Amino acid sequence: PPRSTRKESSAASDVYKRQALGWDGVRDAQSQWQLAGRDLQLTKLRELLAGLPIHWPASAQSLRQKLDQLQPGGVLESVSVSGQGRTPTAFSARFVELDINPHEKIPGVRGLSGWLAGDTQQGVVMLQSPLLALDLPRLFHAPLSVQAQGPLRWQRHEQETRIDLGWPEAQN
């Protein structure tokens, strides 16, 4: 094969060899499943997904468009999502230097590092970002630069979500 094909295959194999999928073999509302990965370069993963020669279902088209708009980058050192049937029930991730472009109501971010874990009702994010840039174009003309360290917890009760900032540290 041509040299460029080998490079693409190498990038694809780098993404694929760091993935794991667990499924109990049953396909119904009680099916248990888990998806896990490590050392995922989000830019490479996004490019790989965009280049796949498949017809995406309508439900995935909006996700693909959002990825094109947000242009996520950085590394997911580890990520795990488990669920039952079609419903995710638990997740965790460790991320380094995440980048997201601002789009509509979604703020942009550069240099976001830390970890998160939770389920459908509650969770925690621990920020460990010594050089974090927040791009809030609806509020400020230029990105804010801060150091962000500390926890952020959330909990859902019926129709409301409670967010507890704990003792985060931020310096500008």
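Residues numbered from 1 in each chain as written. Predicted model: local features only at pLDDT ≥ 70, side-chain atom pairs only at ≥ 80, totals over all residues. Heavy atoms only, no water.

### Overview of the overall build of the protein chain
Consideration 1: The secondary structure content of the protein chain amounts to three helices and nine strands.
Consideration 2: Its helices and strands in sequence order give the protein chain the pattern α-β-β-α-α-β-β-β-β-β-β-β, from N to C terminus.
Consideration 3: A burial count over the protein chain gives 23% of its 172 residues as buried.
Consideration 4: Roughly 12,100 Å² of accessible area belongs to the protein chain as shown, and the carbon and sulfur atoms make up 56% of that amount. (Helix = DSSP H or I, 4+ residues; strand = E, 2+ residues; numbered from the N terminus. Buried < 20%, exposed > 50% of the residue type's maximum accessible area, 1.4 Å probe, protein only. Areas by Shrake-Rupley, 256 points an atom, 1.4 Å probe, with all protein chains shown as cover.)

### Things to note about the nonpolar core
Generally speaking, a soluble globular protein has its nonpolar side chains buried in company with each other.
Consideration 1: Membership of the largest hydrophobic core is limited to 12 residues, which are Leu40, Leu42, Leu76, Phe95, Leu98, Val109, Leu112, Val125, Leu132, Val146, Ala148 and Trp154.
Consideration 2: Mapped onto this core, the elements with two or more residues apiece are strand S4 (87-100), strand S5 (108-119), strand S6 (122-135) and strand S7 (144-157).
Consideration 3: Among the elements that make up this core, the one with the highest residue count is S7 (three residues).
Consideration 4: With residues near it in sequence (within four places) discarded, Leu132 still touches Val109, Arg110, Gly111, Leu112, Leu144, Ser145, Val146 and Ala148. (Core = buried A, V, L, I, M, F, W, Y, C linked by side-chain atoms within 4.5 Å. Contact = heavy atoms within 4.5 Å.)

### Quick notes on the pattern of salt bridges
Consideration 1: All told, the structure shown has one salt bridge when counted by the stated rule.
Consideration 2: For Asp39, the salt bridge identified is with Arg38, shortest N-O distance 3.0 Å.
Consideration 3: For Asp39, a relative accessible area of 33% corresponds to the partly exposed category. (Salt bridge = Lys/Arg side-chain N within 4 Å of Asp/Glu carboxyl O.)

### What to know about the side chain of Arg46
Consideration 1: Within the fold, Arg46 resides in helix H2 (residues 42-51).
Consideration 2: Of the side chains with opposite charge, Glu47 comes closest to the buried, unpaired Arg46, at an N-O distance of 5.2 Å.
Consideration 3: Once residues lying within four places of it in the same chain are set aside, the contact partners of Arg46 are Leu67, Gln71 and Pro72. (Lys, Arg positive; Asp, Glu negative; His and termini not counted.)

### Examining the pairing of S5
Consideration 1: With nine bridges joining them, S4 and S5 adopt antiparallel strand pairing. Each bridged residue has a counterpart across the sheet, and for Asp99 the counterpart in S5 is Arg110.
Consideration 2: Alignment of S5 against S6, held across eight bridges, turns out to be antiparallel. Along S6, the bridge assignment pairs Arg110 with Ala133.
Consideration 3: Here S5 hands over to S6 after two residues, the two strands then running antiparallel side by side. (Pairing = 2+ DSSP bridges.)

### Considerations on H2
Think of an α-helix as turning once every 3.6 residues; residues three or four places apart then point the same way.
Consideration 1: Three or more residues of H2 are buried, namely Leu42, Arg46 and Leu48. Buried residues of H2, viewed axially, fall in a sector of 160°; they line one side. (Arc of directions from axis to C-beta.)

### Section: helix H3 (residues 58-70)
Consideration 1: Look at H3: 19 Å from first C-alpha to last across 13 residues, which is about the 18 Å you get at 1.5 Å a residue.
Consideration 2: Taken from the residues just after H3, Gln71 is the one with a positive phi, measuring 50°. (Expected span 1.5 Å × (residues − 1).)

### What about the confidence of the model for the protein chain?
When pLDDT is low, close inspection of the predicted coordinates is not appropriate.
Consideration 1: Here the protein chain averages 82 in pLDDT, while 81% of its residues score no lower than 70.
Consideration 2: Ranking the helices and strands of the protein chain by mean pLDDT puts S5 first, with 96, and helix H1 (residues 3-16) last, with 46. (pLDDT = per-residue confidence, 0-100.)

### Quick word on unusual backbone geometry
Consideration 1: Of note, Asp39 is a non-glycine position whose phi angle comes to about 50°, a positive value.
Consideration 2: As for its placement among the helices and strands, Asp39 is situated in strand S2 (residues 32-41).
Consideration 3: Even without being a glycine, Gln71 presents a positive backbone phi close to 50°.
Consideration 4: Along the polypeptide, Gln71 turns up in the loop between H3 and strand S3 (73-84).
Consideration 5: For Gln71, a relative accessible area of 32% translates into the label partly exposed.

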